[in-house]
Each structure stands twice: as structure tokens, then as C-alpha cells.
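# Notes for the structure review
Below are the chains, spelled out letter by letter.
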Amino acid sequence: MSTPDGAAAARRTRAASAVPIHKVLNNNVVVAIDESGQERVLMGRGLAFGLKPDDVVDPGKVEKTFILDTGADGERELRLLTDVPYPVIEASTRAVDEAERRLGRDLGRRFTIAVIDHVAYVVERLDKGLRITTTSMPELRVLHPQEFAAAEQMATSIATSLGRELPPEEAVFLTMHLLNATRDEPNGTAALLFRRVQHVVEVVEHALGVRLDVDGPDYARFILHVQFLLQRLVSRTMLASGDTSFFEFAKHSYPHSYAIAEEVKAYVRGATGSELTDEELLYLIVHVERLKSQITPGEKPDPVVT
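Only a predicted model underlies this, so the values are computations on that prediction, with no experimental measurement involved.

## Comments concerning the pattern of salt bridges
- Across all of its chains, the model carries 11 salt bridges by this definition.
- Put simply, R45 and E90 hold a salt bridge, and the shortest N to O gap is 2.4 Å. One end of the pair, R45, is in the loop between β3 (39-43) and β4 (64-67); the other, E90, is in helix α3 (residues 86-103), and 45 residues separate them in sequence.
- Of the charged contacts, one joins E275 and K265 as a salt bridge, the two residues approaching to 3.9 Å between their closest N and O atoms. On the criterion of sequence distance, the pair formed by E275 in the loop between α11 (255-272) and α12 (278-292) and K265 in helix α11 is long-range, its members being 10 residues apart.
- Owing to a relative accessible area of 39%, E275 belongs among the partly exposed residues under this scheme.

## Re the nonpolar core
- Counting 41 residues, the largest nonpolar core has V204, F222, I223 and L284 as its most contacted members.
- Counting residues per element, this core draws most heavily on helix α8 (residues 189-208), which supplies nine residues.
- L25, V88, A95 and I113 belong to the second largest nonpolar core, which has 36 residues in total.

## Things to note about the packing of aromatic side chains
- If you walk through the whole model with that rule in mind, you get one aromatic pair.
- Geometrically, the ring pair formed by F247 and Y258 is edge-to-face, given 6.2 Å between the ring centres and 70 degrees between the ring planes. Placement of the pair is F247 in helix α10 (residues 245-253) and Y258 in helix α11, with a sequence separation of 11 residues.
- Judged by relative accessible area, F247 falls into the buried class, the value being 7%.

Rules of the game
Residues numbered from 1 in each chain as written. Predicted model: local features only at pLDDT ≥ 70, side-chain atom pairs only at ≥ 80, totals over all residues. Heavy atoms only, no water. Salt bridge = Lys/Arg side-chain N within 4 Å of Asp/Glu carboxyl O. Helix = DSSP H or I, 4+ residues; strand = E, 2+ residues; numbered from the N terminus. Buried < 20%, exposed > 50% of the residue type's maximum accessible area, 1.4 Å probe, protein only. Core = buried A, V, L, I, M, F, W, Y, C linked by side-chain atoms within 4.5 Å. Phe/Tyr/Trp six-rings, centres within 6.5 Å; stacked < 30°, edge-to-face > 60°.

Below, the structure is given as C-alpha cells:
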């Protein structure tokens, strides 16, 4: 597991000096068996140069250690750490350490391995002249500002370490990895929630016929409302009220926004199998009406046919 503090470095030094090499993977990566019988991967630039099994590693050269999973996952991680060029491993682990300091938490071995794997793939594709593009996903800045800022710093750090320019969308991909590492939810839940928020935004933009102003305060409020709506839906704590008068008023006063809210309701039903309450629909109508105020009169589309 990667840890950035001095105490962790001292622990790594003690671990490295206590055990001989079990297996040399390449000049920079070796496997040792610690006192508990666990395989421990030791990494460092030139760490294993000229060494063979049963030799002792110079603890001063150990830059990072991992305790591997057992079984197929552990074998996959070993192959990755063996095959990936060490500059990529070095740049990735350094960026992870920086993110851990920024966020004030340990992101875990799985996250570090995921970043190494991702960066190696990106570099390989760029060397072949290929680029996987994605949208800028401005929703991420609103929903997860700390993780997005950490991911931007990681992308900059990796690019600087490798001495090459990375596509700007790398901050988006790294944010998604961070979300899966930092949320106390089943793996992938945070990313799934974010994709659903994106789909709701796309439904609204398509119905309005414009791209929304992502820097506007109404956009930020809308994104946060949709996130909490979807979370309430999962936890089965949706808003509900016996008084339908406000809903009926909004429905008849803002027919265009009501029609858009109904489209969102249909998407949510198809994606989750759950129905939005009239109370939830009411707040959607209000938020969509606010978003419409961003659109200048000449940009207003024709009303949605209901």
C-alpha cells in the first residue's frame, strides 16, 4: 500500500532490510517474502541491478512497497509491475502520494495499481498516435471539486515527470478512479451515479435545444439537486407530500419545464426501475425553469410537445 509520510518510509526501510530477495522481476522490481509469509513487492530505480535470489536489497534504494493480493489478481498485478516501464510506475506512484497528501487519506494499493495501468495504457496509445477522447464533464467540478482538483494535479505531475503532454481529459479519467477509491460504496457506484447525472443533464439540454451555461449558479444547483435526487432514490427516501397544490400549480404554470421533467422521470424509470414522486417532479420543474432563464430570448427553442 502506498503511504507518503516519513514514518511509512522508515517502515519500508525496515521491511526491505529484514528479508532477502525471493524473485527478481526486472532491474527495478523484486519480490520478497516478509516475516508473516506474505509476498511483498519492492520497487526502486535500479534496485535489483546485478542482484540474484537470496541477495539482500539495499534499503536506501526502496522507493515503494506493495503487499500483493493472492490468486489471479496478484498475478495480474505482478505482470503489470514487471512489464510497465519504470518511469511510468515512478511518475504514477509519485502522483498518488501527492493526491494522498492533498486529500488527507490513504488511497490504497488498488488505486495505485489502477493509475499505473491507466497511465501505461495512455502512453502506449499516444506513442501509436491514438487518443481516446471524452467530454470535459463539467459536472465533475460541481459534484466532486476536491477529487477533480486532486486529479488535475495528478495529471500535471505525471506529465511533468514523463516530460510529455497528456490530453486534458486525463483529469476526468483520474477523477473517476479517485471516486471509486474514496467513496464508501461498492466499487463503481460513484461512477455509475455520475453517469446517471450526466444522462439527466443530456435529457434536459436536448429538450431545451441548447448547451447549458456550466459556470452559472443555477447549473450548479441543478447538478447537486439531481445527484441528491438519485441518491434518495437508491436509499428509498424520496421526497413525498400529501399536498399536491404546488405541484399542480407548477405543472400548469410551466408546461414546457413540466414536459422536460417528465422526460427525466421516464429516463430514471428506465435506468433504475423506480418512479419519481410528484414532490420530486415539482423540484425538477423549478430547477429546469431556472435553467431556462440562462437562455437568451433568441435561443429559446420551440415548446416540447406533450
